[in-house]
Amino acid sequence: MKAFVFPGQGAQFVGMGKDLYDNNATARELFEKANEILGFRITDLMFNGTEEDLKQTKVTQPAVFLHSVILAKTLGEEFKPDMVAGHSLGELSALTAAGALSFEDGLKLVSARARAMQKACEIKPSTMAAIIALPDEKVEEVCASIPGVVVAANYNCPGQIVISGEVEAVNAACEALKAAGAKRALPLKVGGAFHSPLMEPARAELAEAIEATDFHTPVCAVYQNVDARPHTDPAEIKANLVAQLTAPVRWTQSVQNMVADGATEFTELGPGKVLQGLVAKISKEATVDGRQ
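None of these values were measured; they are calculated from a predicted model. (Residues numbered from 1 in each chain as written. Predicted model: local features only at pLDDT ≥ 70, side-chain atom pairs only at ≥ 80, totals over all residues. Heavy atoms only, no water.)

(A) Expanded view of the pattern of salt bridges. Scanning the entire structure with this criterion turns up 13 salt bridges. For Glu 78, the salt bridge identified is with Arg 291, shortest N-O distance 2.7 Å. Highlighted residues: Glu 78 in the loop between α5 (57-74) and β2 (83-86) and Arg 291 in strand β10 (residues 287-291), separated in sequence by 213 residues. Assessed through its relative accessible area of 49%, Glu 78 is described here as partly exposed. (Salt bridge = Lys/Arg side-chain N within 4 Å of Asp/Glu carboxyl O. Helix = DSSP H or I, 4+ residues; strand = E, 2+ residues; numbered from the N terminus. Buried < 20%, exposed > 50% of the residue type's maximum accessible area, 1.4 Å probe, protein only.)

(B) The sheet that holds strand β6 (residues 184-187), seen in detail. Spatial ordering of the open sheet is given by β4-β5-β3-β6, a layout of 4 strands whose pairing is antiparallel. The open sheet has two edge strands with one neighbour each: β4 (150-157) and β6. Averaged over neighbouring strand pairs, the angle between their axes works out to 25° when direction is ignored. Here strand β3 (residues 126-132) pairs with β6 via 4 bridges, running antiparallel. Pairing of Ala 129 across the sheet is with Pro 187, part of β6. Running over the sheet, helix α13 (residues 274-282) touches β4 and β5 (160-166) and is turned about 80° from β4. (Pairing = 2+ DSSP bridges. Axes fitted to C-alpha atoms, helices over the stretch in contact; angles between N-to-C directions. Contact = heavy atoms within 4.5 Å.)

(C) Focus on the packing of aromatic side chains. Tallied over the full model, the rule gives 4 aromatic pairs. Each ring, one from Phe 4 and one from Phe 79, has its centre 4.8 Å from the other, and the planes form 55°; the classification is tilted. Separated by 75 residues along the polypeptide, Phe 4 in strand β1 (residues 2-6) and Phe 79 in the loop between α5 and β2 bring together distant segments of the chain. Residues Phe 4 and Phe 79 agree in their burial class; the two are buried. Ring pairing ties together the aromatic residues Tyr 21, Phe 31 and Phe 47, which thus form one cluster. In this structure, Lys 2 is placed above the aromatic ring of Phe 4, and the distance from its NZ or CZ to the ring centre is 5.3 Å. (Phe/Tyr/Trp six-rings, centres within 6.5 Å; stacked < 30°, edge-to-face > 60°. Lys NZ or Arg CZ within 6 Å of the ring centre and 35° of its normal.)

(D) Expanded view of the sheet that holds β1. With mixed pairing, the 6 strands of this open sheet are ordered in space as β8-β7-β2-β1-β9-β10. Edge positions in the open sheet fall to β8 (230-231) and β10, since each of these has one partner strand only. Strand direction decides the pairing type here: β1 and strand β9 (residues 265-269), joined by 4 bridges, are parallel. The residue of β9 that forms the bridge with Val 5 is Glu 268. Lying over the sheet, helix α12 (residues 251-260) contacts β1, β2, β7 (221-223) and β9, oriented at roughly 175° with respect to β2.

(E) Focus on the environment of Met 117. Relative to the helices and strands, Met 117 is located in helix α7 (residues 103-123). In this structure Met 117 comes out as buried when scored by relative accessible area, which is 1%. Taking the C-alpha atoms as reference, Met 117 lies 12 Å from Val 59; in sequence the two are 58 residues apart. Residues in contact with Met 117, not counting those within four places in the same chain, are Gln 61, Phe 194, Met 199, Ala 202 and Leu 245.

(F) Spatial organisation of unusual backbone geometry. The residue Ala 133 is not glycine, and still its phi comes out positive at about 70°. Despite not being glycine, Ala 228 has its phi angle at roughly 65°, a positive value. Residue class for Ala 228 comes out buried when judged on its relative accessible area of 1%.

(G) Region of interest: the packing of helix α8 (residues 136-145) against helix α9 (residues 167-179). Contact geometry for α8 and α9: axes closest at 10 Å, N-to-C directions at 135°. Put simply, α8 runs oblique to α9. Both α8 and α9 take part in a crossing whose hand is right-handed. Contacts between α8 and α9 involve Lys 138, Val 139 and Val 142 from the former and Ala 173, Ala 176 and Leu 177 from the latter. Residues that form the contact of α8 with α9 fall into these classes: 5 nonpolar, no polar and 1 charged. (Parallel < 35°, antiparallel > 145°, perpendicular 65-115°, else oblique. Left-handed = near helix turned anticlockwise from the far one by under 90°. Nonpolar A, V, L, I, M, F, W, Y, C, P; charged D, E, K, R; others polar.)

(H) Inspection of helix α6 (residues 90-97) at higher detail. The element α6 is largely enclosed, with a buried count of 8 among its 8 residues. Gly 90, Glu 91, Leu 92, Ser 93, Ala 94, Leu 95, Thr 96 and Ala 97 are the residues of α6 that are buried. The inward-facing, buried residues of α6 abut β1, α5, β2, α7, β7 and α11 (234-244). Looking one or two places after α6, you find Gly 99, whose phi comes out positive at around 85°.

(I) Broad picture of the packing of α5 against α7. Running from N to C, α5 and α7 point in directions that differ by 155°, and their axes come no closer than 8 Å. With respect to α7, the axis of α5 lies roughly antiparallel. Pair α5 / α7 crosses with right-handed handedness. Residues Thr 57, Lys 58, Gln 61, Pro 62, Phe 65, Leu 66, Val 69, Ile 70 and Lys 73 of α5 form the contact with α7, whose participating residues are Phe 103, Gly 106, Leu 107, Val 110, Arg 113, Ala 114, Met 117 and Gln 118. For the contact of α5 with α7, a count of residues per class yields 10 nonpolar, 4 polar and 3 charged.

Okay, structure coming up:
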């Protein structure tokens with residue numbers, strides 16, 4: 001069975017999507033439609049901007065979404081998923097590619113999500129850090145012992161977990177985790193504490209936008225971040241999407257469940273190769289490739 005997976009924030013690079021725009025009329029039309037919807041030429045920033053331009057959450061999230069979704073739409077008969085999943089922001093790409101959202105509504109929601117997260121980041125100094133080579137349970141236990149807000153945010157693959165929270169609490173957790181045997185504790189260059197309780201203002205704001213949007217039954221099951229389970233019911237999908245902002249991304253568990261449910265081939269659609277690397281570490285049996 002064939003699974004398509006969609007990357008999240010951090011996969012962006014200058015020049016992303018340019019080949020698609022230059023060589024495919026459908027892609028060009030969709031990119032231009034996106035420029036209209038967003039009210040600025042995001043294509044200029046994607047193709048010819050600077051890394052700093054692309055790092056702004058309000059640019060990054062729509063850029064990664066557009067690259068992934070437009071790629072899926074140009075694959076034609078090649079895009080025949082038995083199941084899909086996306087990492088964090090990538091969940092909206094997966095839902096749009098699988099027909100749960102229209103292209104326009106998906107892009108508007110991504111833009112609303114990015115703006116809401118940007119605002120939440122500005123309320124309190126916050127950050128994230130990657131913890132390498134410790135069991136998930138140990139990371140959870142250490143985070144729970146630290147004063148302030150710090151939680152496990154991304155279960156990326158066995159031995160790689162990202163923590164998220166207040167700057168002081170994350171720094172203290174990094175020291176404690178290294179003392180507990182972590183090989184590395186790497187601060188990430190992100191705007192704030194995604195997938196933590198500090199995203200509550202963004203969750204409340206995004207909930208309104210999601211409620212006002214039409215969702216449809218997707219063409220296949222979407223394995224959602226909050227519970228790593230397959231969903232096709234639009235009401236469930238909406239509720240999980242709202243919960244996602246303050247809940248951890250259960251990527252390890254999502255891929256394990258997809259493999260258990262019959263996935264043998266995984267194709268990453270969008271910028272970078274991050275998910276290909278994670279899937280290969282989670283499942284030794286599955287074949288993994290990607291399209292950009």
